[in-house]
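Secondary and tertiary structure notes
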Amino acid sequence: MKMTDGFIAVHCGAGHHKDKFHKQYNKLSKLACKAGTDVLKQGGSAIEAVKAAVLILENDPLTNAGYGSNLTTKGQVEGDAAIMDGKTLLYGGCGAVQKVKNPIELAYDICIKQREVLPMGLIPPSLLVGEGGFYHAKAAGLEIVKNKQLISHKALRQFKKYKKLLNTAELVENSPLDTVGAICVDGSGHVASACSSGGLLLKRPGRVGQAALYACGMWADSFSPRTETSVAVCTTGCGEHLMQTQLAKEIGIDLKSNSCPIQGLYNSMTNKFLKSRHLRNIKQKLGGALVLHLTTEGEGAVLWGHSTETMSVGYMKTTDVKPKALISQLPQEIQVGSSINVGGTHFILNR
């Protein structure tokens, strides 16, 4: 279904965003939205736009992705990223990759190269980790840097602080979960989703989180002859919780056939995440999702839901003069990890 407008939304994670940094997160979200809409205005696709938006987020030390990522117990940056094209339904991901300046570029390259026909019937990879991801990035001409160039002052300070508290409850309670993601619909009405993360604080070397994995960190499904709804989802929070529930895909499937997306998101995150039997032994379930829902009539909704204390969100339509950004907050009387806070806004795309 041909649209003349486009729309993009981004997040800087669901977790704990300190009040003194709220303005900085909002400013960064707006910059990322602007980068994405600039691509759309030039005729770019949704998958190109989400890559451009996530690049902005990866390059800022405020976030836990790319430069400024959380460090492993060995003091290294190992990036996870993934991208999914709702038009082709192709996905590309990379996990625990070192020295790649922008993991989202690697995920994008892996995704688009799946269209290539290889000799002898060989199948292009959809997910590369560790050294395999590094060598693919190098061969593709992506920017390779020294590990120390990816370590921000903030990440190093947190690493030293939390390493001392490794065996205390404070690590769990205050660990930031500010990974990043973007969702988009382009002028052709197709959607895409992308995410990137440095992972949990003091993760073990080689650990791969939801931001790299199909159905867990992202999901995108455009219109088809059988459906009149496009849906894009990217998740954030505790990767292990999101992987065990494959939350991005679950939300995407639920909302594909739901006429009330805001109620659908609340139900999906409550039933498929908080009440999931896969997390029955987890006391505090930490997760968030950013969702784009669009009908063939051009009626759209961007939604966010989270069980964490806060979630940083930004969004923009190509016809908007300025992006909007906010920090969604769980009501103070609600215990973190026990209920879902849902927000959102509607928009109309011209056909």
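Residues numbered from 1 in each chain as written. Predicted model: local features only at pLDDT ≥ 70, side-chain atom pairs only at ≥ 80, totals over all residues. Heavy atoms only, no water.

**What about the UniProt feature "active site" (unreviewed entry) in the protein?**
Under the UniProt annotation, the feature "active site" (unreviewed entry) is placed at Thr179. As for its placement among the helices and strands, threonine 179 is situated in the loop between helix H6 (170-174) and strand E5 (180-185). By relative accessible area, threonine 179 is classed as buried at 5%. Residues in contact with threonine 179, not counting those within four places in the same chain, are His11, Cys12, Gly13, Asn64, Ser196, Ser197, Thr236 and Gly237. (UniProt positions renumbered as here; feature names shortened; annotations may be inferred. Helix = DSSP H or I, 4+ residues; strand = E, 2+ residues; numbered from the N terminus. Buried < 20%, exposed > 50% of the residue type's maximum accessible area, 1.4 Å probe, protein only. Contact = heavy atoms within 4.5 Å.)

**Describing the pattern of salt bridges**
Scanning the model with the defined rule gives seven salt bridges in all. In this structure, the salt-bridge partner of arginine 207 is glutamate 240, at a minimum N-O distance of 2.7 Å. One end of the pair, arginine 207, is in the loop between strand E6 (191-197) and strand E7 (218-221); the other, glutamate 240, is in helix H7 (residues 239-245), and 33 residues separate them in sequence. Owing to a relative accessible area of 13%, arginine 207 belongs among the buried residues under this scheme. Its salt-bridge partner being lysine 256, residue aspartate 221 comes within 3.5 Å of it at the nearest N-O pair. (Salt bridge = Lys/Arg side-chain N within 4 Å of Asp/Glu carboxyl O.)

**Things to note about the packing of aromatic side chains**
Applying the stated criterion to the full structure yields six aromatic pairs. Between tryptophan 304 and tyrosine 315 the ring centres are 6.1 Å apart and the planes differ by 25 degrees, which places this aromatic pair in the stacked class. Pair noted here: tryptophan 304 is in strand E10 (residues 299-306) and tyrosine 315 is in strand E11 (residues 310-317), with a separation of 11 residues, a long-range link. An aromatic cluster of three or more residues is present, and its members are Phe7, Trp304, Tyr315 and Phe347. Its guanidinium or amino end placed over the ring of tyrosine 108, lysine 51 lies 4.2 Å from that ring's centre, counting from NZ or CZ. (Phe/Tyr/Trp six-rings, centres within 6.5 Å; stacked < 30°, edge-to-face > 60°. Lys NZ or Arg CZ within 6 Å of the ring centre and 35° of its normal.)

**Let's talk about helix H1 (residues 22-41)**
For H1, built from 20 residues, the straight-helix expectation of 28 Å at 1.5 Å per residue is met to within 8% by its first-to-last C-alpha distance of 28 Å. Looking at the buried side of H1, the elements it contacts are strand E1 (7-15), helix H2 (46-58), helix H5 (153-164), E5, E11 and strand E12 (324-329). Glycine 43 lies just past H1 and shows a positive phi near 90 degrees. (Expected span 1.5 Å × (residues − 1).)

**Details of the packing of H2 against helix H3 (residues 103-112)**
Where H2 contacts H3, the two axes come as close as 9 Å, and the packing angle between them is 160 degrees. Viewed along their axes, H2 and H3 adopt a mutual orientation that is roughly antiparallel. Note on element contacts: H3 touches H2 through Pro103, Ile104, Glu105, Tyr108 and Cys111, opposite Ile47, Glu48, Lys51, Val54, Leu55 and Glu58. When the residues that make up the contact of H2 with H3 are grouped by side-chain class, the tally is seven nonpolar, no polar and four charged. (Axes fitted to C-alpha atoms, helices over the stretch in contact; angles between N-to-C directions. Parallel < 35°, antiparallel > 145°, perpendicular 65-115°, else oblique. Nonpolar A, V, L, I, M, F, W, Y, C, P; charged D, E, K, R; others polar.)

**Notes on a positive patch on the surface**
Taken together, the side chains of Lys18, Lys20, Arg157 and Lys161 present a region of like positive charge at the surface. Relative to the assigned elements, lysine 161 resides in helix H5. (Patch = residues over 30% accessible without salt bridge, like charges linked within 9 Å, V, L, I, M, F, W, Y side chains within 5 Å. Areas by Shrake-Rupley, 256 points an atom, 1.4 Å probe, with all protein chains shown as cover. Lys, Arg positive; Asp, Glu negative; His and termini not counted. Charge placed at Lys NZ, Arg CZ, Asp CG, Glu CD.)

**Comments concerning the sheet that holds E10**
If you trace the five strands from one edge of the open sheet to the other, you get E7-E8-E9-E10-E13, paired in antiparallel fashion. Each of the sheet's edge strands pairs with one partner strand only, and the pair in question is E7 and strand E13 (341-348). Pairs of neighbouring strands in the sheet enclose a mean axial angle of 10 degrees, with direction left out of account. Relative to E13, E10 runs antiparallel, the two sharing eight bridges. Bridge assignment links leucine 303 to a residue of E13, and that residue is glycine 344. Sheet contacts for helix H8 (residues 247-256): E7, strand E8 (229-237), strand E9 (287-295) and E10; angle to E8, the most-contacted strand, approximately 150 degrees. Against the sheet, helix H9 (residues 261-274) engages E9, E10 and E13, with an angle of about 35 degrees to E10. (Pairing = 2+ DSSP bridges.)

**Quick look at unusual backbone geometry**
Unlike most non-glycine residues, alanine 96 shows phi in positive territory, near 50 degrees. Topologically, alanine 96 is positioned in strand E3 (residues 91-97). Owing to a relative accessible area of 8%, alanine 96 belongs among the buried residues under this scheme. Unlike most non-glycine residues, methionine 120 shows phi in positive territory, near 60 degrees. Tracing the chain through its elements places methionine 120 in the loop between H3 and strand E4 (127-129). On the basis of relative accessibility, which here comes to 78%, the residue methionine 120 falls in the exposed class.

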